[in-house]
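Each chain is listed here by its residues.
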Amino acid sequence: LNNGSNCYNDIFAAFEIYDAVTGVLVSSQHGEANCVNINDPSSGDQALFNFPPLILPRGTYRIHYSGGSFDWITDDFTYNPPPKTTATLATQNIDGTYIDPATVTLSAVAAVGATVANTFYKIDGGVQQTYSSPFQVSGGGQHTITFWSVDNVGVFESPNTKTFTIHVNQPPVVNPLPNTTIN
């Protein structure tokens, strides 16, 4: 919060969020923060408020807020969060590597009020593929999968990456001592 002038006391701020269509109050928060004199004539002093996170469903909202010496201000905004995709790999070795081939499962969740239309992935920067079921990555060494989803209204998630190492099992080495094998 920037109050546009020098501050000498704590500052109070508040906001209310309403559903822009129905007018129903969704959330109301208020609090105080210590004012920080930064002596910047172009921006005034500043205060930082730590309000708890707010989880909103997709929609259009009206926010009504005030802080410092300002009167109440009203703005409208549309909230369209992207889907969230995660990747899990099966059969991790005790050393953090994976068995060859490694099976990758992608899971995507859309925001409230939306559905996941498609999930995509690339293996080691290769060709984009549409995810439909778990897939395998094979070959020893380090691999990177890139993955993302899009919802039913066309909101794309920023690409995620997961880098992992596949350990290819070596054949056992025969010990020169009789009747023993070293793995």
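Keep in mind it's a predicted model, so treat the numbers as computed, not measured.

Visitor: Which parts of the structure should I look at to understand the side chain of S27?
Guide: Here S27 shows up in strand β2 (residues 25-33). What makes S27 buried here is its relative accessible area of 8%. Setting aside chain neighbours within four positions, we find S27 in contact with F15, E16, I17 and L54.

Visitor: Explain the nonpolar core here, please?
Guide: Side chains of nonpolar character tend, in soluble globular proteins, to be buried together. Residues V104, L106, F135, V137, I145 and F164 are the most contacted members of the largest nonpolar core, which totals 14 residues. Broken down by secondary-structure element, the contributors of at least two residues to this core are β7 (84-89), β9 (102-109), β12 (135-137), β13 (141-151) and β14 (160-167). In terms of residue count, the dominant contributor to this core is β9 (3 residues). Beyond its immediate stretch of four places on either side in the chain, L106 contacts T85, T86, A87, T119, F120, Y121, Y131, F135 and F147. Grouped together as the second largest cluster of nonpolar side chains are 5 residues, I17, L56, Y61 and I63 included.

Visitor: Would you explain the pattern of salt bridges in this entry?
Guide: It is possible for side chains of opposite charge to pair when their charged atoms get near one another. Counted by the stated rule, this structure contains 1 salt bridge. Its salt-bridge partner being D76, residue R62 comes within 2.7 Å of it at the nearest N-O pair. Residue R62 is found in strand β5 (residues 59-67), and its partner D76 is found in strand β6 (residues 73-79); the two are separated by 14 residues along the sequence.

Visitor: Explanation requested: the packing of aromatic side chains in the structure shown.
Guide: What characterises a pair of aromatic rings is the spacing of the ring centres plus the angle enclosed by the ring planes. Under the defined criterion, the tally for this structure stands at 6 aromatic pairs. Between the aromatic rings of Y121 and F135, the centroid separation amounts to 3.9 Å while the plane-to-plane angle is 5 degrees, which identifies the pairing as stacked. With a gap of 14 residues between them, Y121 in strand β10 (residues 116-123) and F135 in strand β12 connect regions that are remote in the sequence. What links up through ring pairs into an aromatic cluster is the set Y121, Y131 and F135.

Visitor: Just checking my understanding: could you explain the environment of T115 for this structure?
Guide: Inspection of the secondary structure puts T115 in the loop between β9 and β10. Counting along the chain gives 38 residues from T115 to V153, while the straight-line C-alpha distance between them is 8.5 Å. With residues near it in sequence (within four places) discarded, T115 still touches A110, D151 and N152.

Visitor: Explanation requested: the sheet that holds β7 in the structure shown.
Guide: Sheets are built from strands that pair by backbone hydrogen bonding, the pairs being arranged parallel or antiparallel. As summarised here, the arrangement of the 3 strands in space is β7-β9-β12, forming an open sheet in which the pairing is antiparallel. Unpaired on one side and paired on the other, β7 and β12 mark the two borders of the sheet. Each adjacent strand pair in this sheet contributes to an overall mean axis angle of 35 degrees, direction not counted. Of the strand pairs in this sheet, β9 and β12 are connected by 3 bridges, and their pairing is antiparallel. Within β12, the residue paired with A102 across the bridge is V137.

Procedures and definitions
Residues numbered from 1 in each chain as written. Predicted model: local features only at pLDDT ≥ 70, side-chain atom pairs only at ≥ 80, totals over all residues. Heavy atoms only, no water. Helix = DSSP H or I, 4+ residues; strand = E, 2+ residues; numbered from the N terminus. Buried < 20%, exposed > 50% of the residue type's maximum accessible area, 1.4 Å probe, protein only. Contact = heavy atoms within 4.5 Å. Core = buried A, V, L, I, M, F, W, Y, C linked by side-chain atoms within 4.5 Å. Salt bridge = Lys/Arg side-chain N within 4 Å of Asp/Glu carboxyl O. Phe/Tyr/Trp six-rings, centres within 6.5 Å; stacked < 30°, edge-to-face > 60°. Pairing = 2+ DSSP bridges. Axes fitted to C-alpha atoms, helices over the stretch in contact; angles between N-to-C directions.

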